[in-house]
Amino acid sequence: MQSTAQSDPAVWLQRHGDALYAFALGRVRNASVAEDLVQDTLLAAFASREGFRGEAAERTWLIGILKHKVIDHLRRRGREVPLDEQHDYPADVEDACFDERGHWLVDVRDWSRPDRVLEQDQLLALLRECIGALPERLATLFVLREVDGMESEELIAELEISSPGNLWVMLSRARMRLRACLEEKSVQPGY
Amino acid sequence: MLNCREATQLVSANRDRTLHFGERIGLGFHLLICKWCRRYARQLGDIARILRGGGDRLLSQDSAQLEPAARDRIRARLEQEPPL
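## Here's the deal with the nonpolar core
Counting 60 residues, the largest nonpolar core has Leu42(A), Leu127(A), Leu141(A) and Leu159(A) as the members making the most contacts within it. Considering every element that reaches this core, the biggest residue donor is helix H1 (residues 9-28) of chain A, with 9 residues. The residues touching Leu141(A), leaving out its near neighbours within four places in the chain, are Leu155(A), Leu159(A), Ile161(A), Leu167(A), Met170(A) and Leu171(A). Within the second largest apolar cluster, 17 residues are counted, among which are Val93(A), Met176(A), Ala7(B) and Val11(B).

As structure tokens, this is what we get:
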């Protein structure tokens, strides 16, 4: 293909390939799907390069296209394998954290105590681990909501979630699991 | 009166939707008197803050790089596009 240096997909691939791949992988969890999404993104970007006048950074523009591709993929996958019923995600962590009257069974620690402060990078690494341990659908919804900042209405519409209540329950279960995982992995001696 | 399990569900829901008046009152009162649920709410806020601060880096891992073979495949596909 002929293209100017400024809009050469091969150059985009070289400069942004890894970043795009990491973004996709973090949301679809499948290496070959992530690859396909990167490819589709670069093709779509090339097709619409006239519309890009360099207002934003190149990578920001490409990530924007990739985000749509990721959502499209997740929507298609959700149609094949409906995964948004509350019974798909047992409340086992909640059952372990609360007694039959709904009172806390475990200690909820104060993360702001000086002896408990972890470095930002350590926390990120723990979060990455704990998000990785979530069931795929819960992880996806959590990342789209908390990292990408997608609003509930958007998520429900774009991912065709059958009822808003299901979304909120799934996010609640994701957060409860994450919190428990972080506490477990960040135990400080002498606490 | 909310129990803690119900309260934590509302703490979470509060991050995703507008609580209605009754929910707000119930949760507000519960948090006033329950330090564990207050901590839980703070923890969710801490998690969100960490993610906002490092979101890009969160999901970029050493292993998340395109393999050379994958790059070649993508490059080959890109070159199939018709010339301008």
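Still more ground to cover, so stick around.
## Looking at the pattern of salt bridges
Within this structure, the stated rule accounts for 20 salt bridges over all chains. Residues Asp95(A) and Arg5(B) are paired through a salt bridge, measuring 2.9 Å at the closest nitrogen-oxygen approach. Highlighted residues: Asp95(A) in helix H4 (residues 92-97) and Arg5(B) in helix H1 (residues 4-13), drawn from two different chains. Classification of Asp95(A) as partly exposed rests on a relative accessible area of 48%. Arg75(B) is the partner of Asp72(B) in a salt bridge, and the nearest nitrogen-oxygen pair spans 3.1 Å. You can see Asp72(B) and its partner Arg75(B) sitting in helix H4 (residues 68-79), 3 residues apart, about one turn around the helix. Three or more residues are tied together by salt bridges with common partners; here these are Arg145(A), Glu146(A), Arg175(A), Arg15(B) and Asp16(B).

## Observations concerning unusual backbone geometry
Comment: phi is negative for the bulk of residues other than glycine, and the bulk of peptide bonds are trans. All names here are of chain A. If you check the backbone angles, Arg-29 has positive phi at about 60° while not being a glycine. One can find Arg-29 in the loop between H1 and helix H2 (31-47). Although it is not a glycine, Glu-160 adopts a positive phi angle of roughly 55°. Overall, Glu-160 belongs to the partly exposed group, its relative accessible area being 40%.

## Some remarks on the state of the cysteines
Residues and elements named next belong to chain B. Counted by the stated rule, this structure contains 1 disulfide over all chains. Counting only cysteine sulfurs, Cys-37 is the nearest neighbor of Cys-34, a cysteine outside any disulfide, at a range of 3.7 Å. According to the relative accessible area criterion, Cys-37 is buried, its value standing at 1%.

## Looking at the packing of helix H6 (residues 136-147) of chain A against helix H8 (residues 164-185) of chain A
Residues and elements named next belong to chain A. It is the contact of H6 with H8, at a shortest axis distance of 9 Å, that shows an interaxial angle of 95°. Taken together, the axes of H6 and H8 lie roughly perpendicular to each other. Contact residues: Leu-138, Leu-141, Phe-142, Arg-145 and Glu-146 in H6; Leu-167, Met-170, Leu-171, Arg-173, Ala-174, Arg-175, Arg-177 and Leu-178 in H8. The residue inventory of the contact of H6 with H8, partitioned by class, reads 8 nonpolar, no polar and 5 charged.

## Some remarks on the environment of Asn14(B)
Within the secondary structure, Asn14(B) sits in the loop between H1 and helix H2 (21-33). As a C-alpha pair, Asn14(B) and Ala41(B) span 27 residues in sequence and 9.8 Å in three-dimensional space.

Rules of the game
Residues numbered from 1 in each chain as written. Chains lettered and ligands numbered in written order. Predicted model: local features only at pLDDT ≥ 70, side-chain atom pairs only at ≥ 80, totals over all residues. Heavy atoms only, no water. Core = buried A, V, L, I, M, F, W, Y, C linked by side-chain atoms within 4.5 Å. Buried < 20%, exposed > 50% of the residue type's maximum accessible area, 1.4 Å probe, protein only. Helix = DSSP H or I, 4+ residues; strand = E, 2+ residues; numbered from the N terminus. Contact = heavy atoms within 4.5 Å. Salt bridge = Lys/Arg side-chain N within 4 Å of Asp/Glu carboxyl O. Disulfide = S-S within 2.5 Å. Axes fitted to C-alpha atoms, helices over the stretch in contact; angles between N-to-C directions. Parallel < 35°, antiparallel > 145°, perpendicular 65-115°, else oblique. Nonpolar A, V, L, I, M, F, W, Y, C, P; charged D, E, K, R; others polar.

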